[in-house]
Amino acid sequence: MYAGLQELGVANGEDLKETLTNCTEPLKAIEQFQTENGVLLPSLQSALPFLDLHGTPRLEFHQSVFDELREKLLERVSAIALEGKVEERYKKLEDLLEKSFSLVKMPSIQPVVMCVMKHLPKVPEKKLKLVMADKDLYKACAVEVKRQIWQDNQALFGDEVSPLLKQYILEKENILFSNEISVLNNFFSPSPKARRQGEVVQKLTQMIGKNVKLYDMVLQFLRTLFLRTRNVHYCTLRAELLMSLHDLEISEICTVDPCHKFTWCLDACIREKFVDNKRARELQGFLDGVKKGQEQVLGDLSMILCDPFAINTLALSTIRHLQDLVGQDTLPRESPDLLLLLRMLSLGQGAWDMIDSQVFKEPKMEVELITKFLPMLMSFVVDDHTFNVDQKLPSEEKGPIPYPSTIPEAFTKFLQDNRIACEIGLYYILHITKQRNKNAFLRLLPALVETFSDLAFSDIFLHLLTGNLTLLGDEFALEEFCTSLFDGFFLTACSRKDNVHRHVLRLLLHLHHKVAPAKLESLQKALEPTKQSGEAVKELYNQLSEKLELRKPSPAEVTETPSMELPLPTVPTPASR
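Residues numbered from 1 in each chain as written. Predicted model: local features only at pLDDT ≥ 70, side-chain atom pairs only at ≥ 80, totals over all residues. Heavy atoms only, no water.

Caption draft 1: Local environment of helix α28 (residues 498-511). An ideal rise of 1.5 Å per residue puts 20 Å on 14 residues; α28 measures up with 20 Å between its terminal C-alpha atoms. Of all 14 residues in α28, 11 are buried, a share of seventy percent or more. Looking at α28, one finds that the buried residues are Asn499, Val500, His501, His503, Val504, Leu505, Arg506, Leu507, Leu508, Leu509 and Leu511. (Helix = DSSP H or I, 4+ residues; strand = E, 2+ residues; numbered from the N terminus. Expected span 1.5 Å × (residues − 1). Buried < 20%, exposed > 50% of the residue type's maximum accessible area, 1.4 Å probe, protein only.)

Okay, structure coming up:
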C-alpha cells in the first residue's frame, strides 16, 4: 500500500510505527508526525479544529484533498501531452515518470503513473519490462502502453488476440446455425459497415491502433489459422479489420497495405451485392497492376477474395450476368465482365493452395468452364423460359413437352471436378429456389449429392438453402418433394456429417407443420441422434421431438354414445279365429 514512498523521502505507516515504538510520549509523537506530514498550508491549521467540531475525521478530509489533487494532476498530465514542442513535452513526461514510477504499485497513485506512461510514445524499456513482469501492473496499464510491450513480444500479443479470434469464429458459426430461418434475414444480410461494428473487430482495431507491426502480426495470425483450419471466416476478418482501420482513417496502416484500395472497392460491391461495370474495371486495374517481383500481394488479395461475403457477391453477379447474356443472345466467352468475375472467383477459391504452396501466381482458368459449363447453365435458364411461356399459352396451343426432368451428365461431372463450376452451380440452385421454381430445383437436386469437396454440404450453402426452402413451404406436404429433398439429398450425408444433421433439424423445426404426418414420423426416426452425434444435434432433436409431441391430438375420452335406434313398439298378434 505504501510501496515506493520511502524512496521519495516521504514518511509512511512503517515510519509512524517505528516512532511510536521508540518514543516515551506517544501523543506528542503523533502530533509531531501530523505536523511534519500534513498539508503544509499555514492558514489550514486554524481551520482544521472546525472539522473536528463537525465530527469530520481527519482521514476523510485528507482523502478528499488527495482525490482532488490527483484529478488535477491527471488533467495536467493530459494537458502537458498536448502543449508546447514535441521534444519539450515528452521530456517533461519522462521526468515525471522517473520521479513517480516508484509509486506505481501504490493503488491511490497508480492512475497518475499509468496516465504519464499512456501519453509517452516510447516508454523506457526497463520500465516496460517491469510492467510486463507484474500481472497486476500489466492489466492496469493503458492499451497505448500495452502496444509498446506487444510489438516486441509476439507470444504475449498472440495470447491476447487468440481468445478474440475464437470468439469471432464462434459468432459466425452461431449465425449459420441459428434457429431463426429466413430468406430476408440470413448470414449475408448485415452490411459491411454494420459487421465492422462487431465487438471483436472493434477490440482488434483498438489493440492495433496505428502500429503497423501489430497489424502485420494479426495478419500473420490470420494466415496461419486459415492454413491450419481452412476456415474462410478468417478471410472475412482480414478484410473487416482493414476496412475498420479505413473507417478511422488510420493512414499509417492503410497506405502500407497494398490491398487497401482493392478491398475498399470490393467492399462497395459487397454492400450492393453486385459488381457493376465501373467497379469491375477498377478491380481489374488492381489485379493487372501487380508488378513483377510483387506477386506476393496476390496471396493477400486471394485471401480477401476468399471471404464468403466476397464469394457471395461475385457468384450472385455471375448468375445475374448469365441471365443478361441469355436475353442478349451472347455467349459467356464474349463478356469481359463475366470473365473478370470468374477470374476473381478463381483467385478467391485458390487462396488456400496459393498461401500453402507460396507460389504466387493466378490459377489458370479451365477453358471448358467458359465454353461448356456456363452455356449449359444458360440452357437451363432457356428451359425455364420456354416452359413458362408454354404454360401461359391457351390450352389448344400448348406443346405436349413436359418440364425436362433429366440433367446432362456433364453438369454433374463439372460439379464434382471443378471448384468454380461447383460454386456457380450451387448459387444457380439457390437462385431458382428463391424464385420458387420447384421444377428446376427437383431437376438439379440429384447433382448435389456428390460435389467438389462436398461443397453442397458446407454450412454456408446449407444455411442459404434452408432459408430459401421456406419459400417452398407448401411443397413439403407432397410426398414426392420430401422424398427428393430429404431421402435423395439431406439424409445421404446426415450419418457422416454432423453439420448436415443440424441443418436438417433446423429446417424441420421451422417447417414441421407443413410436412405430411406419415413422412414426418419416418423423418423423426431417420434423424434420431447416434452415440457419435454432437450435443448440438441432440439438443435440436429434443426440441423437434417436443414440438411434435405438442402437435399430437390429446386422446379423446371414450364415452358411450346413446343408441340412435328407437325400439319398435310391440304389436299384439291378432287372435286366430
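Caption draft 2: Structural context of empty space enclosed by the protein. Counted by the stated rule, this structure contains one cavity of 30 Å³ or more. Taken as a whole, the largest cavity encloses approximately 90 Å³ of empty space. Ala239, Glu240, Asp267, Ile270 and Asp307 are, among the 13 residues lining the largest cavity, the residues nearest its centre. Of all the secondary-structure elements, those providing two or more residues to the lining of the largest cavity are α11 (192-195), α14 (233-247) and α16 (260-272). Classifying every residue of the lining of the largest cavity gives six nonpolar, two polar and five charged. (1 Å grid on protein atoms, 1.4 Å probe; cavity = no way out; pocket = protein on both sides within 12 Å on 5 of 7 lines; lining within 4 Å. Points joined across faces, edges and corners; volume = space filled by probe spheres on them. Nonpolar A, V, L, I, M, F, W, Y, C, P; charged D, E, K, R; others polar.)

Caption draft 3: Looking closely at the pattern of salt bridges. Enumeration over the complete set of coordinates arrives at 29 salt bridges. Here Asp454 ties to Arg496 by a salt bridge, and the two come within 3.1 Å at their closest N and O atoms. Of the two residues, Asp454 sits in the loop between α25 (438-444) and α26 (459-469) while Arg496 sits in the loop between α27 (479-494) and α28, which places them 42 residues apart along the sequence. Counted as one network, the salt bridges with shared partners bring together Arg223, Arg238, Asp257 and Asp300. (Salt bridge = Lys/Arg side-chain N within 4 Å of Asp/Glu carboxyl O.)

Caption draft 4: Seen up close, the nonpolar core. Counting residues in each nonpolar core, the largest one holds 164 residues, and the members touching the most others are Phe373, Phe441, Leu469, Phe476, Leu485, Phe486 and Phe490. If we ignore the near neighbours within four places in the chain, the residues touching Leu469 are Thr433, Phe441, Phe476, Phe481, Leu485, Phe490, Leu507 and Leu511. (Core = buried A, V, L, I, M, F, W, Y, C linked by side-chain atoms within 4.5 Å. Contact = heavy atoms within 4.5 Å.)

Caption draft 5: Seen up close, the side chain of Ser302. By the element assignment, Ser302 lies in helix α18 (residues 297-305). For Ser302, a relative accessible area of 0% corresponds to the buried category. Among residues more than four places away in sequence, those in contact with Ser302 are Leu347, Gly348, Ala351 and Met354.

Caption draft 6: Local environment of the layout of surface pockets. Taken as a whole, the second largest pocket spans an internal volume of roughly 1,200 Å³. Looking at the lining of the second largest pocket, the elements with two or more residues in it are α10 (154-176), α19 (308-328), α20 (336-349), α21 (351-357), α24 (419-434) and α26. At six residues, α24 tops the list of elements feeding residues into the lining of the second largest pocket. Taken together, the residues of the lining of the second largest pocket sort by class into 23 nonpolar, nine polar and 13 charged.

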